[in-house]
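Chain by chain, the residues:
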Amino acid sequence: MSLVVFIATVFVIFGILNLKLLHLQIVPSLQRLIVEFSIGVLVYLIFLILVPLFFGRFYCSLICPLGLFQEFLLFLNKKKYSFKPRYFVKYFIAAIVLGTILGKTVVVARFIEPYSIFASAMKLSCFGLASLICIAILSWFSGRFFCTNICPVGTILGLLSRNSTYKLSIDENSCVNCGMCEKNCSASSIDAKNHYIDNETCVRCLKCVSTCSKNAISFKKNKVVEFVKSRRSFILTTSVVLAFIGSLKLGINYVNKKLIKIFGVILPPGAGSEKEFFHKCLNCNLCVQNCPTKVLKPADDNFGVVHIDYDGNYCEFGCNNCIQICPADAIAELSLEEKQSTQIAYAEIDNGLCINCQKCVHHCPVGAIYQKDESIIVNKDACIGCGRCVADCRVNAISIHSVSEQRRV
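Reading the values: the criteria
Residue positions are counted from 1 within each chain, in the order its sequence is given. A pLDDT threshold of at least 70 governs which residues receive local features in this predicted model, and a stricter bar of 80 or more applies before side-chain atom pairs are shown or counted, although totals over entire chains, interfaces and linings include all residues. Values shown for side chains rest on all heavy atoms present in the structure; no hydrogens or waters enter the calculation. In what follows, salt bridge is the name for a side-chain nitrogen of Lys or Arg lying within 4 Å of a carboxyl oxygen of Asp or Glu. Comment: elements are numbered from the N terminus, with helices defined as DSSP H or I runs of at least four residues and strands as E runs of at least two. Here's how the labels work: a residue is buried when its accessible area is under 20% of the maximum for its type, exposed when over 50%, partly exposed in between, all with a 1.4 Å probe on protein chains only. Think of a patch as exposed residues, more than 30% relative accessible area, with no salt bridge, where like charges cluster within 9 Å and nonpolar side chains (Val, Leu, Ile, Met, Phe, Trp, Tyr) cluster within 5 Å. Only the protein chains shown count as covering a residue, and every accessible area follows the Shrake-Rupley method with a 1.4 Å probe. We score Asp and Glu as negative and Lys and Arg as positive, and we do not count His or the chain ends. Where a charge lies is defined by one atom per residue type: Lys uses NZ, Arg uses CZ, Asp uses CG and Glu uses CD. Between any two strands, at least two bridges found by DSSP are needed for them to pair. Detection works on a 1 Å grid of protein atoms alone, calling trapped sets that fit a 1.4 Å probe cavities and calling open sets with protein on both sides within 12 Å along at least five of seven lines pockets, with lining residues defined by an atom within 4 Å of a point. Grid points are joined across faces, edges and corners, and a volume is the space filled by probe spheres set on the points. By the convention adopted, Pro, Cys, Tyr, Trp, Phe, Met, Ile, Leu, Val and Ala count as nonpolar, Lys, Arg, Asp and Glu as charged, and the other residues, Gly among them, as polar. Residues adjacent in sequence count toward polar contacts only when both atoms are side-chain atoms; beyond that, a polar contact is any pair of N or O atoms within 3.5 Å, and within protein one must be able to donate a hydrogen and the other to accept it.

Chemist: A description of the pattern of salt bridges should follow, citing residues and the corresponding values.
Modeler: One pass over the full model with this rule turns up 10 salt bridges. The salt bridge partner of D198 is R86, with a shortest N-O separation of 3.1 Å. Highlighted residues: D198 in the loop between β3 (196-197) and α12 (207-211) and R86 in the loop between α5 (65-77) and α6 (89-102), separated in sequence by 112 residues. Judged by relative accessible area, which is 29%, R86 ranks as partly exposed. A salt bridge links R162 to E200; the shortest N-O distance between them is 3.7 Å. With R162 in the loop between α10 (152-161) and β1 (166-170) and E200 in the loop between β3 and α12, the pair connects residues that are 38 residues apart, well separated along the chain.

Given below as structure tokens:
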């Protein structure tokens, strides 16, 4: 099943399939819930919480594309592993990422969230490729270290799995201490010598179950709830909670103060304003990949997320691929008719350069350009800024300008 999900995810990223499969990823789903509340998304997120509470973090082995990518590398590597304790730094990473997301900005999440890294790497984004290479190297030498000690999604699911109703356990009476379960655990979650499985870091790949010739590993109902009462644990928990509260406040303040100074950027229809979109876009580049005219461009030095650069082309009037593919609702779900009446920019004509060929008049999809006396006029209140006129103009007499806030015309 995991292989099917992985292949389907790659196909969706490259536009071969048009599925809502990418809406299954946790951070985009959480973002969708925050941006525009949906009962369906809420039910799905509750389901994702209930699964690890009962059975552990199957999400990491069945749905997460970055997790499946690592499993493929580990299959090629054939490396043997040993038990490793968890590192507390991951709790702070998760607290900061979750806090800023709930504070309505994904500025932090887009740099470490697994889905965004994988999708941007598939689009050959420099950051995505660099991150994927680092994770690949880490996986080759240390197994799924990223999943168990860095990934914020994995950390949150791990905390839910820690006291799951059904845990993977080793039956001491059946175990012959061969150590094969520990050697084959890519998450380094098994201490075979002490017959212990760390269900918090276990990603439920179930290789230990298939490896054990004595059937000593199985799911058993959990009768003991782990509560660590040490002073160190109390200090750590308190620190993580404070980090979460601080990040939540930082996220809210960051959005309210709009510290990012960005002007003059044209955004895909449904993106709203520049600063609003900056805080929502995960930089997964799916819209870039699925844009038929390739006017959508990935982040660059001028603007940190996806934006439009017409560069001799235009936004196709009858297309709303970017709206349909966006997994995080950074681009609002507009119907095609709504998209066709949304102003994302406006055109201006320099009649000193214009040769009055009237191509722009004939090709304007909304009829916003017309002849008046000897001049060609643009009705800025009707222009949607699709850029078709700019692409058609042979003498560069037409310029396109951004709007501070998208609106229906």
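Chemist: Could you give me a rundown of a nonpolar patch on the surface, with the residues and numbers involved?
Modeler: Residues F72, F75, L76, L124, L129, I133, I137, W140 and F141 make up a contiguous nonpolar surface patch of roughly 960 Å² in combined accessible area. Looking at the nonpolar patch, the element that brings in the most residues is helix α8 (residues 126-142), giving 5 residues. In this fold, F141 is placed in helix α8.

Chemist: Could you give me a rundown of a negative patch on the surface, with the residues and numbers involved?
Modeler: Taken together, D300, D301, D309 and D311 make up a surface patch of like negative charges. Turning to its location among the elements, D311 is positioned in the loop between β6 (307-308) and α16 (321-325).

Chemist: Describe the pairing of strand β8 (residues 369-372), with residues and values.
Modeler: Strand direction decides the pairing type here: β8 and strand β9 (residues 375-378), joined by 4 bridges, are antiparallel. Its bridge partner being in β9, Y370 is matched across the sheet by I377.

Chemist: Talk me through the layout of surface pockets; I want residue IDs and the actual numbers.
Modeler: Reported here for the second largest pocket is a volume of approximately 370 Å³. Secondary-structure elements contributing two or more residues to the lining of the second largest pocket are α2 (26-35), α3 (39-54), α6 and α10. Grouping the constituent residues of the lining of the second largest pocket by class yields 18 nonpolar, no polar and no charged.

Chemist: With reference to specific residues and values, describe the side chain of K167.
Modeler: Along the chain, K167 turns up in strand β1. Here K167 falls in the buried class, since its relative accessible area comes to 9%. A polar atom in the side chain of K167 sits 2.8 Å from the backbone oxygen of R162.

Chemist: So what's going on with helix α7 (residues 114-122)? Residues and values would help.
Modeler: Of all 9 residues making up α7, 8 are buried, and the element is well covered by its neighbours. Buried within α7 are the following residues: P114, Y115, S116, I117, F118, A119, S120 and A121. Sitting at the head of α7, E113 places a side-chain oxygen 3.0 Å from the backbone nitrogen of Y115. Just past α7, the residue L124 takes up positive phi, approximately 65°.

Everything listed is a geometric property; what it means functionally is a separate question.
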